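Notes for the structure review
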Amino acid sequence: MSVKIEVEVNGTRHEREVDPRLLLVHFLREELSLTGTNVGCETSLCGACTVKMDGLTVKSCTQLAVQADGASITTIEGLSPEGELHPLQQAFWDEHGLQCGYCTPGMILAAEGLLAVNPSPGESEIRESLKGNLCRCTGYHNIVKAIQSAAKGGA
Amino acid sequence: MTETTSDPTTHGVLRGGSVGTPVPHESAHLHVSGEARYTDDIPEPVGTLHAAIGMSERAHARIKSIDLGPVWNTPGVVDVMTVDDLPGANDIGGPVGDDPIFADGLVQYVGQSIFAVAATSVELARRAARKAVIEYEELEPILDIDTALEKKSFVIPTEKMSRGDAPKAIDAAAHRLQGRFRFGGQDQFYLEGHIAFALPKEDGDMLVYSSSQHPGEVQFVVAHALGKTAKDVVVECRRMGGGFGGKETQPALFASIAALLASRTGRAVKIRPDRDTDMVMTGKRHGYRVDYDVGFDEQGQINGVEFEFASNCGMSADLSGPVNDRTMFHADNAYYLDNVSIISHRCKTHTVSNTAFRGFGGPQGMMAIEWVMDEIARYLKVDPLDVRTTNFYGIGERDVTPYHMKVEDNVLMDIVPELEKTSRYRKRRREIAGYNESSEWLKRGIALTPVKFGISFTATHYNQAGALLHIYSDGTLQLNHGGTEMGQGLFTKVAQVVAEELQIDISRIRCTPSDTARVPNASATAASSGSDLNGMAAQAAARTIKGRLTEFAAQHYEVPADEVVFANDAVRAGDQQVPFAELTHLAYMARVSLSSTGFYKTPKIHYDRATFSGRPFYYFAYGAAVSEVEIDVLTGEYRVLRVDILHDVGKSLNPAIDLGQIEGGFIQGMGWLTTEELWWNAKGELQTHAPSTYKIPVVSDMPEVFNVNLLRSGRNNEPTIHRSKAVGEPPLMLAISVLHALKDAVAGIGGHQLSPHLGAPATPEAVLMAIGDLNQRLESEKEPAGVA
């Protein structure tokens, strides 16, 4: 059995017949070849697969593709126009807010979700709101700095 | 090796990317845009199959029968294989040959690979792998260190290192303490789990993309499993999503299974275990039990000490030999031990075989001596920092390690006094004492601990590296070396070295994937040695080509060779200046070779394992940290309030990357000692196999104040690459200060009368239990007949 879904991803509409069990992260990675969304723990705890769905950050490893029917999704590839970088992307680059880079797309989207509701968060607010995104490399120091820097720049 | 000649300060203004500048990670623009390609992101050829592994459900059992019928009958299944189907060796490459790809009649841990299945989708493969009907004849499992010691169950023989006469010195000492403590292992928890992707090529050759710190080892294991040779297999890795030692030997299992199935089916095969499977199947940091017996004087100076280490190696040797050796090499940490005896038992249990993890046994050795320092201080009722400094290695005296290596580069007396001052350690200790007196339910603690970490592989032959550098006629370069990129910034640093050597902009350089076809016989990227080894190899390659270009320019422009100067992305020959790209084009037209290999082997090191003596390390890396914590006496919960770190990276190749390594290493070490708990049930099943139950630090666990600095005067005594020092592992051990700060806070409950019984991980639960235990002991001390 497959189900027809219509999803807008990074501004482009896609119609697909999908298995009802297909996870959103696999839909994005395998159907649409958007491999910037990474698979980390597959249980919604590490945040590597974070994307935005209708303006909210969600973990795409525990959303079904069929739940995204009719929704508008932004992945890391769609966060900024082609050839440009979103202020958060630039800040993670400038502030060395990454090492292996595997958590980075999810971390940036989670940060974007925070700044959307709180454009100038304090350090403690950043620490509270990013608890759902794990980074094993950086110790988070530069990630917090990057988000603060992007917020100051008016992200 | 020769001293490096290029110094940015004497060469005027360089363009981007010179050595010593905070160049961002070479892949940062790809990381932030989602374009960085990890192994799972490589486009799959049509017909690619996905593999899953059928795992043992018993810790220790004989396999009576395996019915694979239900596996074969699962829709989408294309191939199933067991040990009986192996064309080559059933061995994933451990030194003892006790690590099979597929269990051969005997299973020795829950999660051990028994068979593999290839199917048309990941989901179908994983589902099918659970359908085998396996009959076991259960054998008694050994699941912990105590039982292993009792039954004399070891993966390799016990080792002993000693100097002087420890028992005699302990007997003669004014004071003596004996005790036992334990600390757990740690899962690497790389965000990108294990993955391998095998593509069959012509004539039986195999290309394997493997998320591996050691593609060269994967190449050999895959070749042997296929019944082939090294020339038939190419292994490539552009980047890993974290490694931390967990991808040193462990990728070989997944890579060989992918390659075997690819070879059998003629189709591309990918294997990516899910997180839970990855955590159940793959090795971790070794947990330890430590017994100590120490004699010391009134000042806390150690007269003699005996350590008996027993580590949980799991079911096979893997890297347990060198890991436990490194524990022995670091049981001195920063301290001179005149009369010392170190025994190391390598216990075999029926749990997953433990392996490399950042620090590689060193952290466990340091934990032991730091524990002893703390116990001595609490016994003498003095500041633990004073006991530590009393025992520090001297300069020109008291400077020989238990393995007879002279400590020639000790900078702890530069680091510790400065850190003590900048962190206001003494003042804060007094403030904390005042705070604890007035605060009944919240108690604070503080600790300063040092790190001295030996740099080099203790297996001497590993200390070699190769590089391959191409300059194209348009003046751009491809740089390759045997090191792997796992996020640590190795590729960035090595590119900086080449940019510096040729005085060119780093944007001219493309770092290419680690590839066994480009650089053969490369060592694992491990032991913090990545930039030391590969930086020197790449520099050698750049110097070779630079020499040819210099010779060519001298002839072409008719000037003496010493008037040819590389600077600012250009080359000056006498009074003529030519852009770098123009010179390379001219050189090409004149038929000058613009490609070179480079090679490096670490000098000076030698070591006799039979006598545990020699110079196993080229040099030492040093650092120190002060941590302050606050515990909640009623719940055991705690916060890390402030951490100050001063760390020696020599002359930094890239201060931004080095600071990132220190911060990240510290937090990872803090996770090991605080929240990360590996817990097996009575059947030997790991119960903490996902981030739901296995807690690595999250952003809110970061110290509230986190001051991290590089030692400004840092400079490697040895002529390492631009006098830098290795930085990958040493900072992890700075986190030992957090555990001791927690102990200090718990001790604050009784007014520092008793030493808390708090091992690691010091989870909130463990802290609460230590508080309860301490309160009980305080109570019983009040009663005359009480037993402490």
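Residues numbered from 1 in each chain as written. Chains lettered and ligands numbered in written order. Predicted model: local features only at pLDDT ≥ 70, side-chain atom pairs only at ≥ 80, totals over all residues. Heavy atoms only, no water.

The next point concerns the nonpolar core. B:Phe307 and B:Phe666 are the most contacted members of the largest nonpolar core, which has 209 residues in total. Listed in part, the 39 residues of the second largest apolar core include B:Ile92, B:Val222, B:Ala255 and B:Ala258. (Core = buried A, V, L, I, M, F, W, Y, C linked by side-chain atoms within 4.5 Å. Buried < 20%, exposed > 50% of the residue type's maximum accessible area, 1.4 Å probe, protein only.)

The next subject is the pattern of salt bridges. In this structure the tally under the stated criterion is 64 salt bridges over all chains. As a salt-bridge pair, A:Glu8 and A:Arg13 come within 3.6 Å of each other at their nearest N and O atoms. Between B:Asp293 and B:Arg176 there is a salt bridge, and its shortest N-O distance comes to 2.7 Å. Here B:Asp293, found in strand E13 (residues 288–296), pairs with B:Arg176, found in strand E8 (residues 175–183); they are 117 residues apart in sequence, far enough to count as distant. With a relative accessible area of 11%, B:Asp293 lands in the buried category. Residue class for B:Arg176 comes out partly exposed when judged on its relative accessible area of 38%. Residues participating in the shared-partner salt-bridge network are B:Asp374, B:Glu375, B:Arg378, B:Asp383, B:Asp386, B:Glu420, B:Arg426, B:Arg429, B:Lys743 and B:Asp744. (Salt bridge = Lys/Arg side-chain N within 4 Å of Asp/Glu carboxyl O. Helix = DSSP H or I, 4+ residues; strand = E, 2+ residues; numbered from the N terminus.)

Residue and element names in this part refer to chain B. Of the residues in chain B, 97% reach a pLDDT of 70 or more, and the chain-wide mean stands at 96. In the model, residues 1–15 has pLDDT below 50 throughout and makes 29 contacts with residues more than four positions away in sequence or in other chains. The ipTM, which scores confidence in the relative placement of chains, is 0.98 for this predicted complex, and the corresponding pTM is 0.97. (pLDDT = per-residue confidence, 0-100. Contact = heavy atoms within 4.5 Å.)

Contacts between the two partners involve 52 residues from chain B and, on the opposite side, 46 residues from chain A. For the pair chain B and chain A, the summed buried area comes to about 4,000 Å², and 58% of that belongs to carbon and sulfur atoms. Between chain B and chain A we count 6 salt bridges in total. A salt bridge links A:Arg136 to B:Glu676, with the nearest nitrogen and oxygen atoms 2.7 Å apart. Counting the contacts that link chain B with chain A gives 21 residue pairs in polar contact (both at pLDDT 80 or more). Elements that contribute at least two residues to the side of chain B that touches chain A include exactly helix H1 (28–33), helix H3 (122–129) and helix H17 (655–673) of chain B. It is H17(B) that provides the largest number of residues to the side of chain B that touches chain A, a total of 7 residues. Taken together, the residues of the side of chain B that touches chain A break down into 23 nonpolar, 16 polar and 13 charged. (Buried area = accessible area lost by both parts, 1.4 Å probe. Polar contact = N/O pair within 3.5 Å; in protein donor to acceptor, adjacent residues only side chain to side chain. Nonpolar A, V, L, I, M, F, W, Y, C, P; charged D, E, K, R; others polar.)

Strand-to-strand pairing in sheets goes through backbone hydrogen bonds, with the strands running parallel or antiparallel. Residue and element names in this part refer to chain B. The strand order across the open sheet formed by 5 strands is E7-E15-E14-E13-E8, and the pairing between neighbours is mixed. Looking at which strands have only one partner, the edges of the open sheet turn out to be strand E7 (154–163) and E8. Looking at each pair of strands side by side, their axes are set apart by 10° on average, direction ignored. Both E13 and strand E14 (residues 302–314) contribute to a ladder of 9 bridges, which runs antiparallel. Residue Asp291 lies in a different strand from E14, and its bridge partner there is Glu308. (Pairing = 2+ DSSP bridges. Axes fitted to C-alpha atoms, helices over the stretch in contact; angles between N-to-C directions.)

To continue, consider the domain arrangement of chain A. Residues and elements named next belong to chain A. The domain boundaries assigned to chain A delineate domain 1 (3–78) and domain 2 (87–152). Computed over C-alpha atoms only, the centres of domain 1 and domain 2 are separated by 21 Å. Contact with domain 1, which involves 16 residues of that partner, is made by 14 residues of domain 2. A combined buried area of about 1,100 Å² lies between domain 1 and domain 2, and 56% of that area is made up of carbon and sulfur atoms. (Domains from an automatic or database assignment.)

Further remarks concern the packing of aromatic side chains. Residues and elements named next belong to chain B. Counted according to the given criterion, the structure contains 22 aromatic pairs over all chains. Here Phe181 and Phe183 contribute two aromatic rings whose centre-to-centre distance is 5.6 Å and whose plane-to-plane angle is 40°, an arrangement assigned as tilted. Ring centres 6.4 Å apart and planes at 50° place the aromatic pair Tyr607 and Phe612 in the tilted group. The same class applies to Tyr607 and to Phe612, which are both buried. The rings of Phe181, Phe183, Tyr288, Phe307, Phe309, Trp371 and Trp672 are connected pair by pair, giving a single aromatic cluster. (Phe/Tyr/Trp six-rings, centres within 6.5 Å; stacked < 30°, edge-to-face > 60°.)

Residue and element names in this part refer to chain B. Of all 7 residues in strand E5 (residues 113–119), 7 are buried; the element is thus mostly enclosed. Note: strand E1 (residues 49–55) against E5, 6 bridges, orientation antiparallel. From the neighbouring strand, Met55 faces E5, where its bridge partner is Ser113. Looking at chain direction, strand E3 (residues 77–81) and E5 are connected through 4 bridges and run antiparallel. Considered in E5, the bridge of Val77 is made with Ala119.

All names here are of chain A. Structurally, Leu24 can be placed in helix H1 (residues 24–31). Given a relative accessible area of 0%, Leu24 falls into the buried group. Through-space distance from the C-alpha of Leu24 to that of Gly70 is 13 Å; in sequence the pair is 46 residues apart. Contact partners of Leu24, with chain neighbours within four places excluded, come to Val51, Met53, Ser60, Gln63, Leu64, Ala65, Ala68 and Ile73.

Here we take up helix H14 (residues 490–502) of chain B. Residue and element names in this part refer to chain B. Taking 1.5 Å of rise per residue, 13 residues should cover 18 Å, and H14 covers 19 Å from first to last C-alpha, within 8% of that figure. Burial of H14 is extensive: 13 of the 13 residues sit out of reach of the surface. Of the residues trailing H14, Gln503 is marked for its positive phi of about 55°. (Expected span 1.5 Å × (residues − 1).)

Once that is clear, we can look at the layout of surface pockets. In this model, the largest pocket occupies a volume close to 1,400 Å³. Taken together, 50 residues make up the lining of the largest pocket; nearest its centre are B:Phe181, B:Arg182, B:Phe183, B:Gly759 and B:Ala760. Every element with two or more residues in the lining of the largest pocket is listed here: helix H4 (145–150), E8, E13, helix H10 (362–380) and helix H19 (764–782) of chain B. Top element by residues in the lining of the largest pocket is E8(B). It accounts for 7 residues. Of the pockets and cavities examined, the second largest pocket occupies roughly 1,100 Å³. Looking at the lining of the second largest pocket, the element that brings in the most residues is H1(A), giving 4 residues. (1 Å grid on protein atoms, 1.4 Å probe; cavity = no way out; pocket = protein on both sides within 12 Å on 5 of 7 lines; lining within 4 Å. Points joined across faces, edges and corners; volume = space filled by probe spheres on them.)

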